[in-house]
Every structure is written in structure tokens, then in C-alpha cells.
Amino acid sequence: MLVLSRKEGEKLVIGDNIVITVNRIAGNRVAIGIEAPREVSIVRGELDQRDSVDRASKGKAGAPNSAMLDHDIAVAGQAER
């Protein structure tokens, strides 16, 4: 894992077409903006389908269902577009 420090307003560029911008830092919270092509899936870690499948296969409750994941992915994709 590469760990970088960034200040508010600074950007990270991944590949040729993904840009991550640090929008706001307040206490222990950081707001970031992500610019990426529509075909790139961007999902919060706790909603990642792979993690959900792992939790479900271990019998832990609370794993989000597929419909919820699809909804969250669609809403996240509309935020900056």
C-alpha cells in the first residue's frame, strides 16, 4: 500500500483518467472528490460486494443486499456528473 500525505485542494492522479482531490479536512474527517470514467466502479469499503460476500459466507448479519449496493453505486456515480 502506498501512503501519501495531501493538503486541502491537492490532487492524486491514478493512471490516465482517475483524479482524487482532497476537498475538505475537518478534524478527523476528510472529504474527497473522485473523477473517473463511468465504467469505473467506486464504492465505499463497507459496501464493497466482495466484503459483503465474505461476511455473508461467514454467517455475520448486516451484510447489505445486492439491490442496496446497486442503488448506492448508482447514486455515487451521479454525484459529480
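In the block above lies the structure referred to throughout.
Described in the following lines is the structure provided in the data block. (Residues numbered from 1 in each chain as written. Predicted model: local features only at pLDDT ≥ 70, side-chain atom pairs only at ≥ 80, totals over all residues. Heavy atoms only, no water.)

Focus: the overall build of the protein
Line of reasoning, step 1. When helices and strands are counted, the protein shows two helices and three strands.
Line of reasoning, step 2. Shown N-terminal to C-terminal, the secondary structure of the protein runs as helices and strands in the order β-β-β-α-α.
Line of reasoning, step 3. By sequence separation, contacts in the protein at least 24 residues apart represent 14% of the contacts at least 6 residues apart.
Line of reasoning, step 4. Looking at the protein as shown, the accessible area adds up to about 6600 Å², and 53% of this sits on carbon and sulfur atoms. (Helix = DSSP H or I, 4+ residues; strand = E, 2+ residues; numbered from the N terminus. Contact = heavy atoms within 4.5 Å. Areas by Shrake-Rupley, 256 points an atom, 1.4 Å probe, with all protein chains shown as cover.)

Description of a nonpolar patch on the surface
Line of reasoning, step 1. Nonpolar side chains collect at one region of the surface, where I25, V30 and I32 lie side by side and expose about 260 Å² of accessible area between them.
Line of reasoning, step 2. Counting through the fold element by element, I25 comes out in strand β2 (residues 18-26). (Patch = residues over 30% accessible without salt bridge, like charges linked within 9 Å, V, L, I, M, F, W, Y side chains within 5 Å. Salt bridge = Lys/Arg side-chain N within 4 Å of Asp/Glu carboxyl O.)

Structural notes on the pairing of strand β1 (residues 11-14)
Line of reasoning, step 1. As defined by bridge partners, β1 adjoins β2 across four bridges and the pair is classed as antiparallel. Along β2, the bridge assignment pairs K11 with T21.
Line of reasoning, step 2. Connecting β1 to the next strand, β2, in antiparallel fashion are three residues, including G15 with a positive phi near 65°. (Pairing = 2+ DSSP bridges.)

Some thoughts on the pairing of β2
Line of reasoning, step 1. Where β2 lies against strand β3 (residues 29-35), seven bridges are found, and the strand directions are antiparallel. Bridging from a neighbouring strand, I25 pairs with V30 of β3.
Line of reasoning, step 2. Counted along the chain from β2 to the antiparallel partner β3, the turn is two residues long, and its residue G27 has a positive phi close to 65°.

Some thoughts on the side chain of T21
Line of reasoning, step 1. Along the polypeptide, T21 turns up in strand β2.
Line of reasoning, step 2. With relative accessibility at 13%, the residue T21 sits in the buried group. (Buried < 20%, exposed > 50% of the residue type's maximum accessible area, 1.4 Å probe, protein only.)

Quick notes on the pattern of salt bridges
Line of reasoning, step 1. Within the structure shown, the criterion is met by two salt bridges.
Line of reasoning, step 2. Taking the shortest distance from any N to any O, the salt bridge between E10 and R6 comes out at 3.5 Å.
Line of reasoning, step 3. E46 is the partner of R44 in a salt bridge, and the nearest nitrogen-oxygen pair spans 3.4 Å.
Line of reasoning, step 4. For E46, a relative accessible area of 46% corresponds to the partly exposed category.

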